[in-house]
Amino acid sequence: MINLNVNGQTQPLEVTPETPLLYALRDHLKLNGAKYGCGMGQCGACTVLVDGRPVFSCLFPVSSVGTREVRTLESLGTTERPGPLQQAFIDHQAVQCGYCIAGMIMRAQALLEQVARPTEQQIREHMAPNLCRCGTHKRILAAIRQVADKGQRLNAGALKERA
Amino acid sequence: MKPADAPVDKSRRAFLAGSGFMVSFALFGSWRALAGETNTLGATILAPDLPGDLKIDPILDSWIKIDAQGVTVCSGKVELGTGVRTALWQIAADQLAMPLDKFKFVTADTALTPDEGYTAGSHSMADGGTAIYHAAIQVRQMLLEAAAAKLGVPTKSLMLRDGIILSGDGRQMTYEEAAQGVNLHQQAKSVSPQGDPSAYRYIGHSIPRVDIPAKVTGGTAYVQDLRLDGMLHARVVRPPNASAQLKEIDTRAIETMRGVVKVVRDGNFLAVLAEHEWEAIQAMRALRERAQWQLTQTYPTNDTIHAVLKTLPERLYVTTRENNGPVKQVLSNASAASISAPASPTRSLAMTKQYVLHGSIGPSCAVAVFRNDMLTVWTHSQGVFPLRAGIAELLGLPKENVRCIHAEGAGCYGHNGADDAACDAAVLAYRTPNRPVRVQWMRDQEAGWEPLGPAMLTEINAVTDAHGKLQSWHHALWSTPHNSRIVNAGRLIPATLLAHPAAPASPAPIPQPEGDADRNAVPLYRIPSVRVDMHFVTDMPFRTSAMRSLGAYINVTTIEGMMDDLAEQFGEDPVAYRLQHLDDPRARDVIQRAANRFGWNLATPLPEGHGIGFAFSQYKNLMGYCAIALEVKLDKAARSVRIVRVVAAVDCGQIVSPDGLTNQIEGGIVQSSSWTLYEQALVGENGVQSVDWSSYPIARFPHIPAAIEVELIDRPGAPFLGAAEIAQAPTAAALINAIKRVVGWRPLHLPVARQDSPIFA
Amino acid sequence: MKKKRKLVVAVVAALVIGAGVLFALAIKPSIDPVAKPNVALTPTLIAQGARVVALGDCVVCHTAPDGADYAGGLPLKTPFGIIYTTNITPDRATGIGTWSLEAFRRAMRQGVSRDGHLLYPAFPYIHYTKVTDHDIEAAYAFLMTRPAAYAPARTNELPLPLRFRPSLAFWNLLYLREGAQPAASDSPVDRGKYLVEGLGHCSSCHTMMGVIGGEKRREYMQGGVVDQWSAPALDQLAASPHPWVAQQIADYLSTGLAGEHGAAAGPMRPVTENLRRVPREDVEAIAAYLLSLQQPWRAPQSSAALSDLAQRIDRGKQVFAGACAECHDDGSPMRDAMGRPALTMSSAVMSPSPRNFVMTVHKGLAWPAQPDHTVYMPPFADVLTDQQIADLATYVRSTSAQPTPWPDLDKHVAELREKSP
């Protein structure tokens, strides 16, 4: 039994300690946000935030999480009430197949919580761990820029405030 | 017949005249399908005179159903990440005069929708969109007429607003009410009432895609997200290569692992089922470690594959076009050795391409359940109907007892592992009744077992007159099939691994004018005499199949390289030279629009290491037109090539979703530039060696073009033309043409910007 | 009294002479600027220069992470403070655009800038002093034909006494042995020696530094530490329990990967990226010379027995399953792809020091700047706890040919997290 703090709620999970966070989130907590892409930390589809840092959940044993706070795409908003970055991806239709997008949003969220107005190059370098195969990069960058250009760091506690 | 010892006359005309040497099987003068034929996407033609896919399902209520619950529109096409679901929905909405959210839209389910074969080849708008366009407006007309009769007013006096029929006297009627007593189960007509493009609220407008909100918020959006009650997680263990034989395996220790429900072994087919996903992965690893395989075959390598392709068994397909008339394709029984290029061409150009991966970001996945004699499979296959037939054949079930339902996966860009993973799930669920089974391939399995995009060689010899005007053109190419779709059970990988394997159907190319490896090999340019020899290699060292744009990718790259080289040789501007050889006004238009917007001028001085390139093609010579102009920066010290700016001009007929179309073109440009600069599947003596993103690197954020501009040319009222693949080939061609201007010579071997590439020397 | 007086005279004389010597050593004349490079910039010479500059690793230190090639600005973290590398592009204002060949040669051989000020020995002139006139000229031709980049030198972050550059004269007195030209020889060992001791300046990392930043001559090539990574002993390659052969060394240098030993990581990785661009015969020569240096095996100190070894290994195995096995498991296709070695054969795992194992777990192996078939590993510093890293290290090492646990592992792991850059 392992206690995990996910999206503001601590819950006990029946998983073995080495289980990668990705499978705890998808299989046990039934969350769709983190995607399986490679299982090797090479594509970023599984990106979630642990204490605000973007990590590959596919290689992150749940036993390593400890009391750190895990945040997934679901913490940023809902289909009815998307968060600011999610809304920016909708505004720019920054999706083709969309499979990589959950990871893209979470990695960008980490940057925008830390840096108020990142430069284009900063954004590109920051996003480099995440792969998109459809070629939606320009729109992803535009969506991130829409939020970045507001010049205010994103709030890390968006979900809790709404709840 | 010529006597066997007669000298071989190598001239093209003599070759074609030797009719005893060939079997003619198709004429495309008036390109028109016949009833009973199968179209290029695997669906059967029933009504050749009807528009779009009404040809394959002419019954109106296959497409539009109206019952007490309301209106449901059905499409056999699937969402592959192109936004086509929204675009088709838009068409239905305008033709039915209903808002998007007032009717249901169902795609690709063998139990509910028309069989439109595969969602592939940029056909969805041209065929599927056209069918809905006509079916919807015909149904609307029938409803109006029925309402007029019920209300006792002339049809013309009725108005439509938001799916409600209004009469001048204030009475109104819903579609459901109007539909009572109307028989929609009848054949569509070949001619529809005219729509009014100016009244469209959806067609031609950038409607936000319906699938995006769930995708950006963690909703259930993909087959990977399906969680059925009692669902088991399965993992397969694949051999190290397709010819390996399982020697022995002791599975007892695995059966007792935590969560494991069972291990399945049947011949070379190995899988494990467990209660939880992580348990399945751990069991898979243990199974993999214990499996001993006998390697029975050695494979060609990246260095040898092109030489090997020229030696393997092949069929020779010859396509000709005389005096810019229709193309004619024949299967020749001449030996490859007996043909050769024309003597003394003005220029020659030969190129090669390595194997490439589709490289879906999400490895293939499927869920299946076998319950009450009914096998249901959720799959991201591009063709649920052909898949159903293959699975039914493999398991010996009647087709009616197999239902395949499309659920989205990650983008596939052609024939990837989707069907094979669905077959895995079907095989395992069939052996585990009443429990849903979810199969998820691992990354290395996707990379190692997806059909590859074929390695190819092309050789063009062109003859011009003294002024550079093209006179004749000979294009020879070598490739394994680009179409190994599921036409029988044996085309499904699991079926080939079982102890009693099914044999794959023998390969057959998609015929001209759509083409296979020879797609777009016939130039659109005005040339009195064109011949294409497709050496269709039937013995595949590696399984190959459709990948976005098929052979057009390298054929157009070679053609457009030749056009550039000829222009240079005759002192012509490359854009002007192309225009001199083009009559089609729409082709000329995209070229001029791209050149103007880009500010094409070879005389403009550029910074050191920069170069510009131009290219054009009309996809399949039938579909969307696309011209690309771009500027590259080549940095030899950093060993990098970056696209500084790219301009695309496209014409896809009447545009349904301008933003959706732009998104497709942008994506095509980025993906094609990654293919062209970096991508090559590593193959070696033991088979495919690219197993992850470090052994198959693709472009990341820092490498993508700095600026992409897309100019759309709308043609209201003109037929929808496919768009999803049209940027692949001209992007590659323009990129190579630009690099040539920087380094001073033409790179001939794709990909061109690997770190050991001579362009950096 | 007389004696005392004599002593005073002697001391004063010594001071005066010392000051004079210092002055002579520390104050170098400026060399006149030139309007353009004063050698013929032929393609042949430039091509030779590219090879020399690659062998000398110039671009590695003289390029900042986001800067233009050779424009300097990379912070070098020395035990004494941070020194920023300088701009060696031909920019006339901030680079070496006004340098003549003579000024360039003096800098390479004596560590003196064109204007006469002394350069910090982070610039390996004590090695470059062995480079031939012809190679120096070629390097000059190559650098002078790079794109000029405006990049003013950044201010070094050094304590006050070290900011006084003439003090470097004493250092030079101790460590600079100027100008010996190599014997002209075709033998690979001699060529290798030239490359290793001269251009390649290998010992500046692979030999421990003394307190004032000079290489300890008696511990030549016995290994050093750079940015918390271990630069392994190069005189133990053949004698180690898992010996290297010439071809493996050459492969490692030219591809960053040796099939039996592992991938280049940390500061060595960019070195191999450079060596990829030199002819194979050069890396083969380096291998030949290194193999001529081999000494008998110096067995590492043995570690105290751990009472909880079995539990550590067990926990480490779990961490391995969740974080590492996808790539490194027996039977994983990733483990065998492109000739990658099993972890059990990795030099980092079998090294006497846990540094490189721990640093690799922390940092991973980054993607190259341009897409390329490569060896990649994600970083785990933000993932695993110190305890997990130590357990993992113990487990992985237990599966290798050097299964005894690393001594003081927990301490090393904690220190490396704190200190690693």
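Rules used in this analysis
Residues numbered from 1 in each chain as written. Chains lettered and ligands numbered in written order. Predicted model: local features only at pLDDT ≥ 70, side-chain atom pairs only at ≥ 80, totals over all residues. Heavy atoms only, no water. Helix = DSSP H or I, 4+ residues; strand = E, 2+ residues; numbered from the N terminus. Buried < 20%, exposed > 50% of the residue type's maximum accessible area, 1.4 Å probe, protein only. Polar contact = N/O pair within 3.5 Å; in protein donor to acceptor, adjacent residues only side chain to side chain. Pairing = 2+ DSSP bridges. Axes fitted to C-alpha atoms, helices over the stretch in contact; angles between N-to-C directions. Contact = heavy atoms within 4.5 Å. Buried area = accessible area lost by both parts, 1.4 Å probe. Salt bridge = Lys/Arg side-chain N within 4 Å of Asp/Glu carboxyl O. Nonpolar A, V, L, I, M, F, W, Y, C, P; charged D, E, K, R; others polar. Phe/Tyr/Trp six-rings, centres within 6.5 Å; stacked < 30°, edge-to-face > 60°. Lys NZ or Arg CZ within 6 Å of the ring centre and 35° of its normal. Parallel < 35°, antiparallel > 145°, perpendicular 65-115°, else oblique. Left-handed = near helix turned anticlockwise from the far one by under 90°. Domains from an automatic or database assignment.

**Notes on the environment of C:H261**
All names here are of chain C.
And step 1. Mapped onto the fold, H261 is located in the loop between β5 (257–258) and β6 (262–263).
And step 2. Relative accessible area serves as the criterion here: at 3%, H261 is assigned to the buried category.
And step 3. A sequence separation of 19 residues divides H261 from H242, and the C-alpha atoms of the two residues are 8.4 Å apart.
And step 4. Side chain to side chain, H261 and Q248 meet in a polar contact 2.8 Å long.

**A closer look at the sheet that holds strand β7 (residues 172–174) of chain B**
Residues and elements named next belong to chain B.
And step 1. A sheet is described by the order of its strands in space; here 3 strands give the open sequence β5-β6-β7, paired in antiparallel fashion. Sheet topology places β5 (159–161) and β7 at the edges, where each strand pairs with a single neighbour. Looking at each pair of strands side by side, their axes are set apart by 30° on average, direction ignored.
And step 2. Pairing analysis gives 3 bridges linking strand β6 (residues 164–166) to β7, with the strands arranged antiparallel. Looking at β7, one finds that I164 is bridged to T174.

**Remarks on the interface of chain B and chain A**
And step 1. With 69 residues of chain B at the contact, the number on the chain A side is 57 residues.
And step 2. Interface area, chain B with chain A, both sides summed: about 5,000 Å², of which 55% is carbon and sulfur.
And step 3. Taken as a group, B:W278, B:I361 and B:F701 account for 17% of the area that chain B buries against chain A, more than any other trio of residues on that side.
And step 4. One salt bridge in this structure joins A:R139 and B:D659, with 3.0 Å as the shortest N-O distance.
And step 5. Inspection of the region where chain B meets chain A yields 45 residue pairs in polar contact (both at pLDDT 80 or more).
And step 6. Counting only elements with at least two residues in the side of chain B that touches chain A, the list comes to α5 (212–217), β8 (232–237), α7 (277–290), β19 (437–440) and α16 (658–678) of chain B.
And step 7. If you tally residues by element for the side of chain B that touches chain A, the top one is α16(B), at 10 residues.
And step 8. Partitioning the side of chain B that touches chain A into residue classes produces 32 nonpolar, 21 polar and 16 charged.

**Considering the side chain of A:Q96**
And step 1. Among the structural elements, A:Q96 can be located in the loop between α3 (84–91) and α4 (101–114).
And step 2. Of note is the side chain of A:Q96, whose polar atom sits 2.9 Å from the backbone oxygen of B:N663.

**Considering the packing of aromatic side chains**
Aromatic ring pairs are reported here in terms of the distance separating the ring centres and the angle at which the planes meet.
And step 1. What the rule picks out here adds up to 22 aromatic pairs over all chains.
And step 2. Relative to C:Y252, the ring of C:W244 lies with its centre 5.4 Å away and its plane at 85°, an arrangement referred to as edge-to-face.
And step 3. Relative accessible area serves as the criterion here: at 17%, C:Y252 is assigned to the buried category.
And step 4. Taken together through their ring pairs, the aromatic side chains of B:W89, B:F103 and B:F105 make up a single cluster.
And step 5. Over the face of the ring belonging to B:W478 we find B:K310, whose NZ or CZ atom lies 4.3 Å from the ring centre.
And step 6. Residue placement shows B:R700 over the ring face of C:W367; its charged tip is 4.1 Å from the ring centre.

**A look at the packing of α7(B) against helix α14 (residues 309–328) of chain C**
And step 1. Packing of α7(B) against α14(C) leaves a shortest axis separation of 12 Å and a crossing angle of 50°. In terms of orientation, α7(B) lies oblique with respect to α14(C). When you trace α7(B) past α14(C), the crossing you get is left-handed. Contacts between α7(B) and α14(C) involve B:W278, B:Q282 and B:R285 on the former and, on the latter, C:A321, C:G322, C:A325 and C:E326.

**Examining the environment of B:S674**
And step 1. You can see B:S674 is positioned in helix α16.
And step 2. Spatially, the C-alpha atoms of B:S674 and B:A753 are 9.6 Å apart, while their sequence positions differ by 79 residues.
And step 3. When residues no more than four places from it in sequence are discounted, the contact partners of B:S674 are A:R133, B:E679, B:I698 and B:A699.

**Remarks on the interface of chain B and chain C**
And step 1. With 28 residues of chain B at the interface, the matching set in chain C holds 24 residues.
And step 2. Here chain B is connected to chain C by 2 salt bridges.
And step 3. The closest approach of N and O atoms between C:E326 and B:R285, which form a salt bridge, is 3.0 Å.
And step 4. Counting the contacts that link chain B with chain C gives 10 residue pairs in polar contact (both at pLDDT 80 or more).
And step 5. At 5 residues, the largest contribution of residues to the side of chain B that touches chain C is made by α7(B).
And step 6. Here the residues of the side of chain B that touches chain C sort into 12 nonpolar, 8 polar and 8 charged.

**Re the environment of B:H205**
All names here are of chain B.
And step 1. Note on placement: H205 falls in the loop between α4 (175–179) and α5.
And step 2. Separated by 374 residues in sequence, H205 and L579 place their C-alpha atoms 32 Å apart.
And step 3. Not counting the four nearest positions on each side in its chain, H205 is found in contact with Q90, Y200, V656, S657 and P658.
And step 4. Here Y200 takes part through its backbone oxygen, which lies 3.2 Å from a polar atom of the side chain of H205.

**With respect to the domain arrangement of chain B**
Residues and elements named next belong to chain B.
And step 1. If you check the domain split of chain B, you get domain 1 (31–202), domain 2 (223–296 + 358–449), domain 3 (305–357 + 453–537) and domain 4 (552–760).
And step 2. Relative placement of domain 3 and domain 4: their C-alpha centres are 22 Å apart.
And step 3. With 38 residues of domain 3 at the interface, the matching set in domain 4 holds 43 residues.
And step 4. Between domain 3 and domain 4, the buried area comes to about 3,700 Å², and carbon and sulfur atoms account for 63% of it.

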